[in-house]
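Residue strings, one per chain:
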Amino acid sequence: MTTLPRLNDSVRVLRGVGPGMQDGLKKLGIESVADLLFHLPLRYEDRSQKKAIGDCRPGDRVLIEGIIEHSAIVRHRRAMLVVTLSDGSGMLTLRFFNFHAAQARSLGRGVSLQAFGEIRGGGRGLEMIHPSYQRTVDGDEDEAQLTPIYPSTEGIRQASWMNLSNQALESLKQDKTELTELLPASLLKQHQLPGLKAALLTLHRPEVDSELANMNREDENFHHPARDRLVVEELLAHHLSMRRIQQQQQRRQALAFSQHSSLEENFLSQLPFQLTAAQARVVAEIQQDLGRTQPMMRLLQGDVGCGKTVVAALSALPVIAAGYQVAITAPTELLAEQHRDYFSQTLKPLGIETVWLSSRVTGKAREHALNAIASGAALVIGTHALMQKSVEFKQLGLVIIDEQHRFGVHQRLALREKGQAGGHWPHQLIMTATPIPRTLAMTAYAGLQISVIDELPPGRTAVTTVAIDQQRREQVIKRIAYACREGRQAYWVCTLIEESELLEAQAAEDTARQLLEELPDLNIGLVHGRLKPAEKSAIMDAFRSGEIKLLVATTVIEVGVDVPNASLMVIDNAERLGLSQLHQLRGRVGRGSEQSSCVLLFKPPLGETARARLDIMRATNDGFRIAEKDLELRGPGEVLGTRQTGALQFRLADLARDATLIQQVPQLAESLINDKQRSDALIARWLGNAERYAEA
Ligand code: ADP
Ligand code: MG
């Protein structure tokens, strides 16, 4: 008798798993037998009812059974295996583009075969392209269950998933898996949810008449008690881990910094404007946090152009006044430089020294900067270069991270670790223009306090947005030229799908050349990521001063660039960009009092998602609505920029679809919060060691 595999056994113990398969599974995060149990089908196919070939119509997804009449390898451009199947009621052609020799041999004339797939009406009758199939032997029973279709990766076929999940389920049925029920019985009962084992069995092998038959996990309405039960468990695990991080946070010590009125008054008196009420409110919230001996973890959220920079400056003052250091980081060189210029200009009159560091600061200059940082320079501004190991602060009191969503979670963590000294942690302020939809904030940022600037400075006008076909490019150029001659200023943004600075720069160069040819009388500038910092600054300065009228740019201008007089923007290939990027770009205009416009140039035909994106851009300037739409179209990982880091990747839960469940989670968690063993087990089951990242 063979022993059944156990929960924590490696998948290697399973039949059919060699090193290659093990690697493939690992890519999907599947390492143990238990992981397989939690790898759930995407959808199900009803293969219980065979259909006579003569009754099949194009578009049907059906199971058919017949005898192979004819089988041949046909060579066109590629080899194709073509098999003709007959069941007496009709004939049907099966086509395979990828096949091995052994597969072709096994499908010889006279073989009895079941095939499942979508019927298509080919030129010479009905066909199935790449059906799933199996040879049938007399006496085979028809399947009494729905056939699960598992999410997969290259090289793992559905047949393998069946084989692997069969083995894992066998262990589960025999209770060999030690898979513990972690949800309290009372909770299950109250919400009429099945137990863990039952839920897993149902989801892997539903009965033919199960409601799951017509559901697809990607459907908006895919709800089923078995699935909901697992989703609730997963959400609870995330919630509990966030609560734990919060507790940890509260045990940490920070230095308290109190408000320094005269410095603040000096600063405010030299501003050319009054703070908006929203700015004043969030400054007060931040200063209150800074006055505590627990490290601030605050997310400052405010749409593009709402004036976060001045809030950052005001947050820095009390820390600097107390003789501690403040670090400000931005994700792009251009934005960091802009901060450098802004802060050095506004803070120098107050006697505050700033130090600049980016990866382009090298040699002597770098040494100089590092020394200044180590000996306590008040304000350190830079790119992610600030997060490198070689950078040592004397006494860091506050870390400000601008446009957070561009930073990886790891980087954010690194800077905070860096500042920890003598048992004190620096305060942290994260600023983002990506409004985090409520559902996301509740889950992803449970450990953060949130401040919102929900008001734009007075006098702003909404940007009028239009989407225009590339074919009318000439017209657009004429309109821009006209406006520029009238004294307005415009951006022409060149975009590419690939994140290649080089290609993007080339595209921008080409566009600039073309525009220069057509508009020789206009002063046109070009800025992209491959220019030297000094060149970039010179061009930005010339644009800011109004000398350059039309600025051709790559998406380097996406974040933070602030030239209030620019009131027109053309975005080339707008259909290629995601919503938040479009919104960020558009946020560069509409900053002055002039009525601003944005032209989204697109190349038809538009896909469904691209159309939805352009539509919402035309419909609204409200970053919040745009972000919610973005979440709907893309999913949370990408919205938060955490896709690569693995944080906030739910295995099952879906923030949009499971919004109702999410709302119940905090309350459900109350019964578990003090049960350390249970919550440890839940967190380990669903997050593994991801918890560390979530903390960043
Ligand atoms: P963002 O929140 O996108 O970082 P910025 O801080 O760059 O916005 O501010 C955008 C523009 O608004 C800047 O030109 C800034 O000087 C201006 N600004 C900020 N606050 C106010 C205010 N209260 N009144 C008028 N203009 C303001
Ligand atoms: Mg900004």
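> Is there a simple way to think about the site of ligand 1 in this case?
Inspection of the region around ligand 1 gives 17 residues, with Gln274, Gly305, Thr309, Arg460 and Asp562 positioned closest. One nitrogen or oxygen atom from the main chain of threonine 276 is found 3.5 Å from a nitrogen atom belonging to ligand 1. Between arginine 591 and ligand 1, the recorded distance is 3.2 Å, taken from a side-chain N or O atom to an oxygen atom. Classifying every residue of the shell around ligand 1 gives 6 nonpolar, 6 polar and 5 charged.

> Explain the sheet that holds strand β10 (residues 325-329) to me, please; I cannot follow it from the model alone.
Sheet strands line up and pair through hydrogen bonds in the backbone, either parallel or antiparallel. Taken together, the 7 strands give an open sheet; going across it, the order is β11-β12-β10-β13-β14-β9-β15, and neighbouring strands pair in parallel fashion. Where the open sheet ends on each side, the last strands, each with one partner, are β11 (354-357) and β15 (449-453). Each strand axis lies, on average, 20° off the axis of its neighbour in the sheet, ignoring direction. Sheet analysis places β10 next to strand β13 (residues 396-401), joined by 5 bridges and oriented parallel. Looking at β13, one finds that valine 326 is bridged to leucine 398. Packing against the sheet, helix α10 (residues 308-321) makes contact with β9 (297-302), β10, β12 (379-382), β13, β14 (427-432) and β15, and its axis sits at approximately 175° to β13.

> Please clarify how the packing of helix α6 (residues 196-204) against helix α7 (residues 225-251) should be interpreted in this entry.
Geometrically, a packed helix pair is captured by the angle between its two axes and the distance between the axes. One way to put it is that α6 packs onto α7 with a least axis distance of 8 Å and a crossing angle of 125°. Judged by the inter-axis angle, α6 sits oblique to α7. Handedness of the crossing formed by α6 with α7: left-handed. Residues Leu196, Ala199, Leu200, Thr202 and Leu203 of α6 pack against Ala226, Arg227, Arg229, Leu230 and Glu233 of α7. Residues belonging to the contact of α6 with α7 are distributed by class as follows: 6 nonpolar, 1 polar and 3 charged.

> Please clarify how the sheet that holds strand β21 (residues 597-602) should be interpreted in this entry.
Spatial ordering of the open sheet is given by β16-β21-β20-β17-β19-β18, a layout of 6 strands whose pairing is parallel. The open sheet terminates on both sides in strands that have one partner only, identified here as β16 (464-469) and β18 (524-527). Each strand of the sheet is rotated relative to its neighbour by a mean of 20°, with strand direction disregarded. Lying on the sheet, helix α15 (residues 473-485) is in contact with β16, β17 (489-493), β19 (550-553), β20 (566-571) and β21; it crosses β17 at an angle near 150°. The sheet strands contacting helix α17 (residues 533-544) are β17, β18, β19 and β20, and the helix crosses β18 at an angle near 140°.

Calculation criteria
Residues numbered from 1 in each chain as written. Chains lettered and ligands numbered in written order. Predicted model: local features only at pLDDT ≥ 70, side-chain atom pairs only at ≥ 80, totals over all residues. Heavy atoms only, no water. Near = heavy atom within 4 Å. Polar contact = N/O pair within 3.5 Å; in protein donor to acceptor, adjacent residues only side chain to side chain. Nonpolar A, V, L, I, M, F, W, Y, C, P; charged D, E, K, R; others polar. Pairing = 2+ DSSP bridges. Helix = DSSP H or I, 4+ residues; strand = E, 2+ residues; numbered from the N terminus. Axes fitted to C-alpha atoms, helices over the stretch in contact; angles between N-to-C directions. Contact = heavy atoms within 4.5 Å. Parallel < 35°, antiparallel > 145°, perpendicular 65-115°, else oblique. Left-handed = near helix turned anticlockwise from the far one by under 90°.

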